[in-house]
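# Residue-level structural notes
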Amino acid sequence: QILSTRRDIVPADIADELTLLQDQVAPFDGNTARQLVERALGKPIEALYAEFALEPLASASIAQVHAATLPDGREVVVKVLRPGIDRQIAGDIALLRVLATLADRHHPNADKIRPQGVVAEIESTLHAELDLQREGANASLLRRNWLDTDDLYVPEVFWSHTSEQVLTLERVRGIPSDDIDSLDAANIDRPALAAKGVRVFYTQVFRDNFFHADAHAGNIWVDPSRRENPRFIALDFGIMGQLSAQD
């Protein structure tokens, strides 16, 4: 995602391909996901969930998500890290360091682009996303900050079913925030939604100094049940932001 926005160092056609890859990653086998969950949580899948769908709801480069039901009947989603993803990322970062070294030597604007800094940013972000307990903590904090408002909903984390490799969250449903046709079909007040979006983001920044830093439409949904007073739904808390006191 970081590379796909860096048009100063990535040619446009390659950047477009990188963006495409965010949404079109082949899933890994559902039985493998089941085994990974059992290994991470230390119990058979039947003891953990009343139902666990082997077909994933979504698949991305680092993890994929499966629908499930807790023994008490609550609907959840289970995020599972891809097998071997840590080794793959280590190899990718090593390759990026080589490319950054070449850019440092040969790119005429290397001092402004700072390729090594870009790679360091990518590495830090990816390593944070490999710890789903950290993502769960991010979600819990964001949820606490917005629990008593009508502006932003953050799903609940089920810590009894969460580890470094597995994250279990309350299942939510909504409309991706860039799906204009569906928002209009649901009679969502889009001007009110847009104004609320500005307030929600800047409240995260200036009140809480803790904000969602990966807020593309796949991660920010709109609650279809609320028309005149629309509410956002946040997903995927692997990348959160904070500003220094100076900033």
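Just so we're clear, the structure is a prediction, and the values are computed from it rather than from any experiment. (Residues numbered from 1 in each chain as written. Predicted model: local features only at pLDDT ≥ 70, side-chain atom pairs only at ≥ 80, totals over all residues. Heavy atoms only, no water.)

### Some points on the pairing of strand 3 (residues 63-69)
Here strand 3 lies mainly inside the structure; 6 of its 7 residues are buried. Sheet analysis places strand 1 (residues 51-52) next to strand 3, joined by 2 bridges and oriented antiparallel. When the bridges of strand 3 are listed, Glu51 appears paired with Thr69. In terms of strand pairing, strand 2 (residues 58-59) meets strand 3 through 2 bridges, oriented antiparallel. When the sheet's bridge partners are listed, Ala58 is paired in strand 3 with Val65. Taken together, strand 2 and the strand that follows it, strand 3, pair antiparallel across an intervening segment of 3 residues. (Buried < 20%, exposed > 50% of the residue type's maximum accessible area, 1.4 Å probe, protein only. Helix = DSSP H or I, 4+ residues; strand = E, 2+ residues; numbered from the N terminus. Pairing = 2+ DSSP bridges.)

### Comments concerning unusual backbone geometry
You will see that Arg114, though not glycine, has its phi angle at about 55°, which is positive. For Asn187, which is not a glycine, the phi torsion comes out positive at approximately 60°. By the element assignment, Asn187 lies in the loop between helix 9 (180-185) and helix 10 (190-208).

### Brief notes about the side chain of Lys79
Within the element layout of this structure, Lys79 appears in strand 4 (residues 75-81). A distance of 3.0 Å separates polar atoms of two side chains, one belonging to Lys79 and the other to Glu135. Leave out the neighbours within four places in its chain, and Lys79 touches Ala63, Gln64, Val65, Leu132, Glu135, Gln165, Val166, Leu167 and Asp236. (Polar contact = N/O pair within 3.5 Å; in protein donor to acceptor, adjacent residues only side chain to side chain. Contact = heavy atoms within 4.5 Å.)

### Some words on the sheet that holds strand 5 (residues 152-153)
Strand order in this open sheet of 4 strands is 5-10-9-7, and the pairing throughout is mixed. Of all strands in the sheet, those bounded by a partner on one side alone are strand 5 and strand 7 (175-176). Pairing geometry for strand 9 (residues 220-222) and strand 10 (residues 232-234), over 3 bridges, is antiparallel. Along strand 10, the bridge assignment pairs Trp221 with Ile233. Across the sheet, helix 10 touches strand 5, strand 9 and strand 10, and the angle it forms with strand 10 is around 40°. (Axes fitted to C-alpha atoms, helices over the stretch in contact; angles between N-to-C directions.)

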